[in-house]
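Close look at the chain arrangement
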Amino acid sequence: MKPYNKNESKGIQVHRMFNNIAPYYDKICHILSFNIDRLWRKRLVKLVAGIKPVNIVDIATGTGDVAISMARNISTAQIVGIDLSEEMLKVAQQKIEHSGIKSNIKFLCEDAENLSLASNSFDVVTISFGIRNFENIDKGLSECYRILREGGSLFVMEFSTPKHKVFNVLYRFYSKSILPVIGRIISKDNKAYTYLPESIVEFYQEDEFTKLLQNSGFDSCSAISLSNGIAHIYIGVKPKI
Ligand SMILES: C[S@@+](CC[C@H](N)C(=O)[O-])C[C@H]1O[C@@H](n2cnc3c(N)ncnc32)[C@H](O)[C@@H]1O
């Protein structure tokens, strides 16, 4: 599933799409989710804080909300936020400049599928609503595995399709008929918010993604359902050898 056309690579199109929508991204997220996205990110940060990491990479950090919240709430940790969209990172950087928490966070413009970070060096990797957009998810997961130290944890937060029948019907109506219209009006990008629900339908379901984590080498894989299965937080641990 690619945002704009069949010919160009997904990576190029995803880069263009997030550069286009960067100024509107936060506003649209909060409107479309009725602010529930803030609670999901809070839940993710609380889970990460619970394991008291010293260094963390937030991959596909976008406008930086998860990375910044981790920098605030886990003040002893060093955070690196990574994204391939310069425009999303510009918004993240502006937030940092207004927040006064410069010391334990930095952003790098890189592709998650080809990271410059050293192997076996991070306690935690987080990816929030990013992995669905990767060109090659297996490659992205193998990079996460490589940079984590043994015993380090990967947290992936991603949308899924709710299983409850009635809720599923309402959710599908909303995501197919209402969400793309609101997204298009605010972002002025004709495709980005049609791509969003379509890419969610195409993405792995809970059991499939947990299996993929296991197949990528992670241990103790689990999934936490959020808001009736609209999203999940997946956790996997790099085994100690
Ligand atoms: C939906 S946004 C999520 C942003 C943020 N993590 C959040 O929770 O709001 C997805 C982000 O993933 C980034 N992204 C997609 N593919 C990527 C890749 N291969 N490497 C790095 N970033 C990527 C996009 O540029 C975009 O900023």
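Residues numbered from 1 in each chain as written. Predicted model: local features only at pLDDT ≥ 70, side-chain atom pairs only at ≥ 80, totals over all residues. Heavy atoms only, no water.

1. Re the overall build of the protein chain
Using the following cut-off: What counts as a helix is a DSSP run of H or I of at least four residues, what counts as a strand is a run of E of at least two, and both are numbered from the N terminus. The size measure is the radius of gyration over C-alpha atoms, and the globule rule it meets is 2.2 Å times the number of residues to the 0.38 power. Only protein chains enter the accessibility calculation, which uses a 1.4 Å probe; a residue whose area is less than 20% of its type maximum is buried, one above 50% is exposed, and one in between is partly exposed. By the convention used here, residues are in contact when the closest approach between their heavy atoms is within 4.5 Å. Residue-level accessible areas treat just the shown protein chains as cover; the underlying method is Shrake-Rupley with a 1.4 Å probe. We score Asp and Glu as negative and Lys and Arg as positive, and we do not count His or the chain ends. In plain terms, the charge of a residue is placed at NZ if it is Lys, CZ if Arg, CG if Asp and CD if Glu.
The number of helices and strands found in the protein chain is nine helices and seven strands. On C-alpha atoms alone, the protein chain measures out to a radius of gyration of 17 Å, which is about the 18 Å that the 2.2 N^0.38 rule sets for 241 residues. The C-alpha extent of the protein chain, read off along each of the three principal axes, is 45 × 40 × 35 Å. Residue burial in the protein chain is summarised as follows: out of 241 residues, 53% are buried. At a minimum sequence separation of 6, the contacts of the protein chain that also span at least 24 residues come to 71%. When the accessible surface of the protein chain is totalled, it reaches about 11,500 Å², and 55% of it is carbon and sulfur. If the 30 positive side-chain charges of the protein chain are averaged to one point and the 25 negative ones to another, these points end up 5 Å apart.

2. Describing the layout of surface pockets
To keep it simple, the criterion reads: Any residue with an atom within 4 Å of a point lines the site, the site being either a cavity, points on a 1 Å grid over the protein atoms alone where a 1.4 Å probe fits but cannot get out, or a pocket, an open set with protein on both sides within 12 Å along at least 5 of 7 lines. Grid points are joined across faces, edges and corners, and a volume is the space filled by probe spheres set on the points. Just so you know the grouping, Ala, Val, Leu, Ile, Met, Phe, Trp, Tyr, Cys and Pro go in nonpolar, Asp, Glu, Lys and Arg go in charged, and all remaining residues, Gly too, go in polar.
Taken as a whole, the largest pocket holds about 560 Å³ of empty space. As for the largest pocket, its lining consists of 29 residues, and the residues nearest its centre are Leu 32, Ser 33, Phe 159, Leu 179 and Leu 196. Those elements that provide at least two residues to the lining of the largest pocket are α1 (10–21), α2 (25–32), α3 (36–49), α7 (165–187) and α8 (192–202). Looking at which element gives the most residues to the lining of the largest pocket, the answer is α7, with six residues. One number sums up the size of the second largest pocket: a volume of about 420 Å³. Along the wall of the second largest pocket there are 29 residues; nearest its centre are Ala 60, Asp 83, Gly 130, Asn 133 and Phe 134. Of all the secondary structure elements, the ones that give two or more residues to the lining of the second largest pocket are α1, α2, β1 (55–59), α4 (65–73) and β2 (78–83). A total of three residues in the lining of the second largest pocket trace back to one element, the largest contributor, which is α1. Taken together, the residues of the lining of the second largest pocket break down into 12 nonpolar, eight polar and nine charged.

3. Notes on empty space enclosed by the protein
Taken as a whole and assessed by the stated rule, the structure comprises one cavity of 30 Å³ or more. Every residue lining the largest cavity is listed: Thr 161, Tyr 171, Arg 172, Ser 175, Pro 197, Ile 200 and Val 201. Looking at the lining of the largest cavity, the elements with two or more residues in it are α7 and α8. Residues belonging to the lining of the largest cavity are distributed by class as follows: four nonpolar, two polar and one charged.

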